[in-house]
Amino acid sequence: MSENTTMTGQRWVAFGPAGALGSIHRTDSGFLLRMLDGTEEREYPTLEVAKSALHATLPAGSDWPEYREH
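Let me sum up the structure you'll find in this document. (Residues numbered from 1 in each chain as written. Predicted model: local features only at pLDDT ≥ 70, side-chain atom pairs only at ≥ 80, totals over all residues. Heavy atoms only, no water.)

1. Some points on the layout of surface pockets
This is how it is decided: Cavity means a closed set of points on a 1 Å grid over the protein atoms alone, one where a 1.4 Å probe fits but cannot get out, pocket means an open set with protein on both sides within 12 Å along at least 5 of 7 lines, and lining means a residue has an atom within 4 Å of a point. Grid points are joined across faces, edges and corners, and a volume is the space filled by probe spheres set on the points. Charged residues are taken to be Asp, Glu, Lys and Arg, nonpolar residues to be Ala, Val, Leu, Ile, Met, Phe, Trp, Tyr, Cys and Pro, and polar residues to be all remaining types, Gly included.
Each pocket or cavity is described by its volume, and for the largest pocket that value is around 150 Å³. What lines the largest pocket is simply Phe 15, Gly 16, Pro 17, Ala 18, Leu 21, Leu 58, Ser 62, Asp 63, Trp 64 and Pro 65. Classifying every residue of the lining of the largest pocket gives seven nonpolar, two polar and one charged.

This is the structure in structure tokens:
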């Protein structure tokens, strides 16, 4: 993440069967994905791309997470 990136306060938390998986935060330049296990923090251009990237980090065959805006 760039030092110049500003969070806007809008965020979504991804939930799977075992609980929270990660979060997506709107920034001034896109959407920052943060995995709860600390393995990933990357910025994506759209919310849908960030959601897809989070799903791609899950084991093969995992269901699509439920995303709740907070």
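There is more to say after this.
2. Some details on the packing of aromatic side chains
Put simply, the test is: Working definition: a ring pair exists when centres of Phe, Tyr or Trp rings (six-membered ring for Trp) sit within 6.5 Å. Plane angles under 30 degrees give stacked, over 60 give edge-to-face, the rest tilted. Secondary structure elements follow DSSP: runs of H or I of four or more residues count as helices, runs of E of two or more count as strands, with numbering from the N terminus.
In this structure the tally under the stated criterion is two aromatic pairs. Centroid distance Trp 12 to Phe 31: 5.9 Å. Interplanar angle 55 degrees. Geometry classified as tilted. Taken together, the residues span a long stretch of sequence, with Trp 12 in strand 1 (residues 7–16) and Phe 31 in strand 3 (residues 31–35) at a distance of 19 residues.

3. Quick look at the environment of Leu 47
We apply this condition: Categorising residues by exposure relies on relative accessible area from a 1.4 Å probe, with only protein chains included: less than 20% of the type maximum marks a residue as buried, more than 50% marks it as exposed, and the intermediate range marks it as partly exposed. Residue contacts are counted whenever heavy atoms from the two residues lie within 4.5 Å of one another.
Within the secondary structure layout, Leu 47 lies in helix 1 (residues 47–56). For Leu 47, a relative accessible area of 17% translates into the label buried. Between the alpha carbons of Leu 47 and Arg 26 there is a distance of 8.1 Å; along the sequence they are 21 residues apart. Filtering out sequence-adjacent residues up to four positions away, Leu 47 remains in contact with Trp 12, Ile 24 and Phe 31.

4. What about the nonpolar core?
Basically, it comes down to this: By nonpolar core we mean a set of buried residues, namely Ala, Val, Leu, Ile, Met, Phe, Trp, Tyr and Cys, connected to one another through side-chain atoms within 4.5 Å.
Counting twelve residues, the largest nonpolar core is built from Trp 12, Ala 14, Ile 24, Phe 31, Leu 33, Met 35, Tyr 44, Leu 47, Ala 50, Ala 53, Leu 54 and Tyr 67. Elements represented by at least two residues in this core include exactly strand 1, strand 3 and helix 1. Counting residues per element, this core draws most heavily on helix 1, at four residues. The contact partners of Ala 14, leaving out residues within four places of it in the chain, are Gly 19, Ala 20, Leu 21, Gly 22, Leu 54, Pro 65, Glu 66 and Tyr 67.

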